[in-house]
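Residue-level structural notes
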Amino acid sequence: MDQPIPAQLQSGQSKPLSQAEIRTIVIGVLLAMFLAALDQTIIATALPTIGRELGDLEHLSWIVTVYLLTSTAVTPLYGKLSDSYGRRSIMLIGIVIFIAGSIACALAPSMFMLILARGLQGIGGGGLIALAQTIIADLVSPKERGRYQVYFASVFMTSSLLGPVLGGFMAEHLHWSVIFWINLPLGLIAFAIAFQSLKKLPRFERPHRLDLLGAVLLVTATVALLLALSWGGIRFPWMSLPILGLFAGSLVLWGLFAVRMRTAPEPLIPSGVLHNPVVRMGVLAACFGMGTYIGLTIYLPVYFETVRGLSASLSGLALIPLMAGTVVGATLSGRTMAKVKHYKRLPTIGLLVAIVATGVLVLYGEVLSVTVVEVLLGIISIGLGTLLPVTMVTVQNAVAPHEMGTATGTANFFRSLGGAFIVAIFGAIVLSGSGVTGAASFEALGEAAARSGVDLADVFSYVFLAAMIGFGLALAFLLALEERPLRGGAVKAAEAAVAD
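In short, a report on the structure. Each residue is numbered by its place in its chain's sequence as written, counting from 1. The predicted nature of this model means local features are confined to residues of pLDDT at least 70 and side-chain atom pairs, given and counted, to a pLDDT of 80 or more, with totals for whole chains, interfaces and linings taken over all residues. The basis for every side-chain value is the complete set of non-hydrogen atoms in the structure, without hydrogens or water.

**Looking at the overall build of the protein**
- Each helix is a run of H or I in the DSSP string that is no shorter than four residues. Each strand is a run of E no shorter than two, and both are numbered from the N terminus. Regarding its fold elements, the protein presents 21 helices and 0 strands.
- Only protein chains enter the accessibility calculation, which uses a 1.4 Å probe. A residue is then buried if its area is under 20% of the maximum for its type, exposed if over 50%, and partly exposed in between. In the protein, which comprises 500 residues, the share counted as buried stands at 56%.
- A contact between two residues is defined here by any heavy atoms of the two lying within 4.5 Å. Considering only intrachain contacts with a sequence separation of at least 6, the fraction spanning at least 24 residues in the protein is 82%.

**Quick word on the packing of helix α4 (residues 87-107) against helix α8 (residues 183-197)**
- For helices, the fitted axis covers only the stretch in contact; all axes are lines through C-alpha atoms, and the angles between them, taken along N-to-C directions, range from 0 to 180 degrees. Two numbers describe how α4 lies on α8: the axes approach to 10 Å, and their chain directions differ by 165°. Considered as vectors, α4 and α8 are oriented roughly antiparallel to each other. In terms of crossing hand, the pair formed by α4 and α8 is left-handed. Within the contact between the two elements, α4 uses R88, M91, L92, I95, V96, F98, I99, S102 and I103 and α8 uses N183, L184, G187, L188, A190, F191, A194 and F195.
- Any residue that is not Ala, Val, Leu, Ile, Met, Phe, Trp, Tyr, Cys, Pro, Asp, Glu, Lys or Arg is counted as polar, Gly included; the first ten are nonpolar and the last four charged. Among the residues making up the contact of α4 with α8, the classes are represented as 13 nonpolar, 3 polar and 1 charged. Just so you know how the angles are binned, under 35 degrees is roughly parallel, over 145 roughly antiparallel, 65 to 115 roughly perpendicular, and the rest oblique. By convention, the crossing between two helices is left-handed when the near helix turns anticlockwise from the far helix through less than a right angle, and right-handed when the turn is clockwise.

**A look at a nonpolar patch on the surface**
- The patches described consist of residues with a relative accessible area above 30% and no salt bridge, like charges being joined within 9 Å and nonpolar side chains (Val, Leu, Ile, Met, Phe, Trp, Tyr) within 5 Å. Each accessible area is a Shrake-Rupley estimate made with a 1.4 Å probe; only the visible protein chains count as cover when residues are assessed. The rule for a salt bridge is simple: a side-chain nitrogen of Lys or Arg has to be within 4 Å of a carboxyl oxygen of Asp or Glu. On the surface, a nonpolar cluster with roughly 310 Å² of combined accessible area is contributed by I349, V353, V375 and I379.
- Within the secondary structure layout, V353 lies in helix α15 (residues 345-364).
- V353 gets classed as partly exposed once you look at its relative accessible area, which sits at 38%.

**Points about the packing of aromatic side chains**
- Note on aromatic pairs: the rings of Phe, Tyr and Trp (six-membered ring only in Trp) are paired at centre separations within 6.5 Å, and the planes decide the class, stacked below 30 degrees, edge-to-face beyond 60, tilted for the rest. Enumeration over the complete set of coordinates arrives at 10 aromatic pairs.
- On the numbers, 6.3 Å between centres and 50° between planes, the contact of W254 with F413 is tilted. Here F413 lies in helix α18 (residues 404-433) and W254 lies in helix α10 (residues 241-263), a separation of 159 residues in the sequence.
- Of the residues examined, W254 reaches a relative accessible area of 22% and is grouped as partly exposed.
- Members of the aromatic cluster, connected to one another through ring pairs, are W254, F257, F413 and F414.

**Let's talk about helix α16 (residues 370-385)**
- Helix length check: α16, at 16 residues, gives a terminal C-alpha distance of 22 Å against a target of 22 Å (1.5 Å per residue), a fit within 8%.
- Within α16, burial applies to V373, E374, L376, L377, G378, I380, S381, G383, L384 and G385. For a helix, the expected span equals 1.5 Å multiplied by the residue count minus one.

**Some remarks on the pattern of salt bridges**
- Going through the model one piece at a time under the given rule, you end up with 1 salt bridge.
- Across the salt bridge formed by R484 and E482, the nearest N and O atoms sit 3.4 Å from each other.
- A residue is classified by how much of its surface remains accessible, and R484, at 26% relative accessible area, is partly exposed.
- Exposure remark for E482: the relative accessible area of 40% places this residue in the partly exposed category.

**Some thoughts on the nonpolar core**
- For this analysis, a nonpolar core means a set of buried residues of the types Ala, Val, Leu, Ile, Met, Phe, Trp, Tyr and Cys, connected via side-chain atoms within 4.5 Å. I50, M91, L114 and L300 are the most contacted members of the largest nonpolar core, which has 140 residues in total.
- Per element, the largest residue contribution to this core is 14 residues, and it comes from helix α12 (residues 277-306).
- Among all residues touching M91, those that are not within four sequence positions of it are V29, A32, L128, L131, A132, I135, A194 and L198.

**Here we look at the environment of G101**
- The residue G101 is located in helix α4 in this model.
- Spatially, the C-alpha atoms of G101 and A117 are 5.3 Å apart, while their sequence positions differ by 16 residues.
- If we skip the residues at most four places from it in the chain, G101 touches A117, L120 and Q121.

**Things to note about the layout of surface pockets**
- Residues are said to line a cavity or pocket when one of their atoms sits within 4 Å of a point; the points come from a 1 Å grid over protein atoms alone, cavities being sets where a 1.4 Å probe fits but cannot get out and pockets being open sets with protein on both sides within 12 Å along at least five of seven lines. Grid points are joined across faces, edges and corners, and a volume is the space filled by probe spheres set on the points. When its volume is computed, the second largest pocket comes out at roughly 350 Å³.
- Taken together, 15 residues form the lining of the second largest pocket, with V283, L284, C287, F414 and L417 sitting closest to its centre.
- Of all elements in the fold, only α9 (212-231), α11 (271-274), α12 and α18 reach the threshold of two or more residues within the lining of the second largest pocket.
- Residues belonging to the lining of the second largest pocket are distributed by class as follows: 12 nonpolar, 2 polar and 1 charged.

**Section: the packing of α12 against helix α14 (residues 320-337)**
- The N-to-C vectors of α12 and α14 enclose an angle of 155°; their axes lie 10 Å apart at closest approach. Relative to α14, the element α12 lies roughly antiparallel. Two secondary-structure elements touch here, α12 through Y293, L296, T297 and L300 and α14 through L322, M323 and T326.

**Focus: the environment of A330**
- Here A330 shows up in helix α14.
- Its relative accessible area of 1% is what places A330 among the buried residues.
- For A330 and L387, which are 57 residues apart along the polypeptide, the C-alpha to C-alpha distance reads 7.3 Å.

**A short note on the side chain of T348**
- One can find T348 in helix α15.
- You can call T348 buried: its relative accessible area is 15%.
- For the purposes of these results, a polar contact is taken to be a pair of N or O atoms within 3.5 Å, where, inside protein, one atom must be able to donate a hydrogen and its partner to accept one; residues adjacent in sequence count only when each atom of the pair is a side-chain atom. A polar contact is formed between the side chain of T348 and the backbone oxygen of K344, at a distance of 2.7 Å.
- Among all residues touching T348, those that are not within four sequence positions of it are L475, L478 and L479.

What follows is the structure, given as structure tokens:
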């Protein structure tokens, strides 16, 4: 654990933080992060039950889509606001909005009200993950910070494995609303811990003016893009007027946002952050690495069910190596960062191994046993896991402490966009390769492919090829990432912050 930050460098503190106080803060922010991460996975298995009970199956996908839209769009705003008004107040606001949204979801009498409530819930949940990472960055020096990325990876793995099981159990044996009511006690605990412990957090914020026009342009551009990526090939054909219109509208809005970034007195994302080569390369490496990983987690269950003939429950279990491996890789990489000078070497090797393992799936995926596929997924996951601490820590290490929230929010924002983009690419490959056009459900893929004489094993070899390319792009950006020395102890980090 790092040395405590001197009292004279922390606003409003009379003594340095003890390890017990640091541990309490870490537990609080991890619980807040767990709330947001669990809510993205617990809903999936309960969707059929929710649709039946509310009598609306047509708009069921919006329960997931609206949360993705709102949570992604507001992530950079949370980062900017925390740089201006402090992590504690913005974290507490995020938790309150998330709890309010959860209560509204649980009480929703109709699908329309549930969708609106999920949007509110996403507004709260969108900042919790980025704020948790930013708070740890305030607390721990960059050299030691990699070890804490392991906790983040563990939270995501736990939520990914526990969420679907809990969601299915609660919907079947209790009531679907319980998956939202469970957020109430967890959220209140997270609020209580954050309310008290974050008073002692080092404070580096500076007064900023929020660029409201820039925020509106960013949010609307993001929503239009995500709608196009979510609906394309599933709800509407890719070349249909609605999808092309959304892409065109998003492009125009992004152009206006770029103009606003150049002309605003204080833009939403400072030019120093966007033009920083370390931030740029780190964000792009994480965007393609994590985006490809998210795409695999979405489409591998389809592969296991349609190609390998596994049941839905067994396909979920088959994902465990892919989920667990990232924690192993992140642990190795995070611990190594604190001890070596050239911290890029391990993730470089890890991504090379992941690329080779994915290449084996491309060439021999059709003839390999499920056991061998599981081993390869574990290898891929471990290799990717080594990338995660390096990209986040190097981005945070490259900016001033008073811009930490903006940089972290920006990194998470583009990671989410990368995930949506690569999921759309995988979906286009699967749907077009199986001969399905327009709206379709994944459950119908097997029948559609059989009718058209398509071997889905061949289709998924192209999915694995796309994943291999995604990992290759992540490696290319990692190699281009400047390997700056990480700041050492927390004392030096805090002194540097004051000097800035």
